[in-house]
Amino acid sequence: MKTRKGIKRTCLAVFILLLMVIFNIQPAMARETLPVGLFSRANPDGGDLPAGWEPLTFDDIEQHTRYDMVHDGDTLVVRAQSNASASGMIRKIQIAPREFPVIQWQWKITDVLKKGDVTRKSGDDYPARIYIAFEYDPQKVGFWERTKFGAIKALYGEYPPVAAINYIWGSNASKGTRVPNPYTDRVMMFVVESGTAKKDTWVTETRNIYEDYKTAFGTEPPMISGVAIMTDTDNTGESAVSYYGDIVFKSGE
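What you see as residue numbers is a count from 1 along each chain, following the sequence as written. In keeping with the predicted nature of the model, local features appear solely for residues at pLDDT of at least 70, side-chain atom pairs appear and are counted solely at 80 or more, and the whole-chain, interface and lining totals rest on all residues. To obtain the side-chain values, all non-hydrogen atoms of the structure were used and water was disregarded.

Student: Hey, could you run me through the overall build of the protein in this one?
Tutor: Numbered from the N terminus, helices here are DSSP runs of H or I no shorter than four residues, and strands are runs of E no shorter than two. The secondary structure content of the protein amounts to three helices and 13 strands. The buried label goes to any residue with under 20% of its type's maximum accessible area, the exposed label to any with over 50%, and the partly exposed label to all in between, with areas taken from a 1.4 Å probe on protein chains only. Relative to its full complement of 253 residues, the protein shows a buried share of 42%. We call two residues contacting when some pair of their heavy atoms lies within 4.5 Å. Intrachain contacts of the protein at a sequence separation of at least 6 include 74% that bridge at least 24 residues.

Written out as structure tokens, the structure is:
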């Protein structure tokens, strides 16, 4: 027979479980992963992307890459079709890199770009890339930086990212290459796959964003402000078709 203390503990445990159900409170174990792009669970009707994702376009580029949902076998994925075009799909989301330092995703390419060159503006195109944007923090920059970022906000209504990491499938650069983007040293390019050896094959990638940011910029990373996928061929004038699978952040490897 249970004691009064045992009965009280049982009732308290049941009460807590009811609260978790009613208010959708997740246990600590569930916070070991943070889904950002569960494309495999998206609604494919009409080619819609998952809730929270939106187009990422650029004012000076008229031709946009086309993104839609397709079945690859039994799994829903995002297909990107680029023809001398550039645009992406972005999920604006705040993520603390110290809390969720690891990103994992799947991607597949059908070919690389003949004129792709990670060191030159004319070759700054990639069959697939994952773009991680980091939030601007006015407390961590100097006067002139604050002035510049303030002017941009006045024009566009929001601050731009203070920095970004691009995980790219390089066409000609060797795997493991790390170089600044040819347009700006605020974007660091990490070549995580290269060439055609794995084309037409789904590849799962895992990176520690927290460590990569410190390696790239020499400082602690600020909050992540967005995650994007992008296939672009506007500089080379070529074409590419690539696929993106689920994207999740993890609290550890």
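Student: Please clarify how the sheet that holds strand β7 (residues 126-134) should be interpreted in this entry.
Tutor: Strand pairing is defined by DSSP finding a minimum of two bridges between the two strands. Here we have seven strands laid out as an open sheet, ordered β2-β5-β12-β7-β8-β10-β9, and mixed in their pairing. Edge positions in the sheet fall to β2 (53-56) and β9 (178-180), since each has one partner strand and no second. With direction set aside, neighbouring strand axes in the sheet form an average angle of 25°. With seven bridges joining them, strand β8 (residues 163-170) and strand β10 (residues 187-194) adopt parallel strand pairing. In the sheet register, W169 faces β10, and the bridge partner there is E193. Its contacts with the sheet place helix α3 (residues 209-217) against β7, β8, β9, β10 and β12 (224-232), and it is angled at close to 105° to β8. Every axis corresponds to a line fitted to the C-alpha atoms, with the helix fit spanning only the stretch in contact, and the corresponding angles, defined between N-to-C directions, vary from 0 to 180 degrees.

Student: How should the nonpolar core be read in this particular structure?
Tutor: To form a nonpolar core, buried Ala, Val, Leu, Ile, Met, Phe, Trp, Tyr and Cys residues must be joined to one another through side-chain atoms within 4.5 Å. Ranked by size, the top nonpolar core spans 44 residues in total, and within it I130, I132, Y167, I229 and F249 carry the most contacts. Grouped together as the second largest cluster of nonpolar side chains are nine residues, A173, V179, V187 and V191 included.

Student: Where do I start with the pairing of β8 in this structure?
Tutor: Regular strands place their side chains on alternate faces of the sheet. Here β8 lies mainly inside the structure; eight of its eight residues are buried. Of the pairings in the sheet, the one linking β7 to β8 comprises six bridges and is antiparallel in character. Residue pairing across strands places A133 opposite A164, the latter belonging to β8.

Student: What is the right way to read α3 from this model?
Tutor: Note that an α-helix has 3.6 residues per turn; residues three or four places apart therefore point the same way. When we look at burial in α3, the residues that qualify are I209, Y210, D212, Y213 and A216. The buried side chains of α3 occupy one side of the element, clustering within an arc of 165° when seen end-on. In protein, a polar contact requires one atom able to donate a hydrogen and another able to accept it; more generally it is a pair of N or O atoms within 3.5 Å, and residues adjacent in sequence count only if both atoms are side-chain atoms. Between the side-chain oxygen at the start of α3 and the backbone nitrogen of Y210 there is a gap of 3.2 Å, and the oxygen is on N208. Backbone geometry just downstream of α3 places G218 in the positive-phi region, at approximately 75°. In this description, the arc belongs to the directions extending from the helix axis to the C-beta atoms.

Student: I tried to follow the packing of aromatic side chains on my own but got confused; where do I start?
Tutor: Describing an aromatic ring pair means giving the distance of the ring centres and the angle of the ring planes. Each Phe, Tyr or Trp ring (for Trp, its six-membered ring) is paired with any other whose centre lies within 6.5 Å, and the angle between the two planes then decides the class: stacked below 30 degrees, edge-to-face above 60, tilted in between. Under the criterion given, the structure shown has seven aromatic pairs. The interplanar angle of 25° and the centroid separation of 5.5 Å between the aromatic rings of W105 and Y167 together place this pair among those described as stacked. Of this pair, W105 sits in strand β6 (residues 102-109) while Y167 sits in strand β8, and the two are 62 residues apart along the sequence. Residues W105 and Y167 agree in their burial class; the two are buried. Between W107 and W169 the ring centres are 5.6 Å apart and the planes differ by 55°, which places this aromatic pair in the tilted class. With W107 in strand β6 and W169 in strand β8, the pair connects residues that are 62 residues apart, well separated along the chain. One exposure class covers both W107 and W169, and it is buried. Joined through ring pairs, the aromatic side chains of W105, W107, Y167, W169 and F190 make up one cluster.

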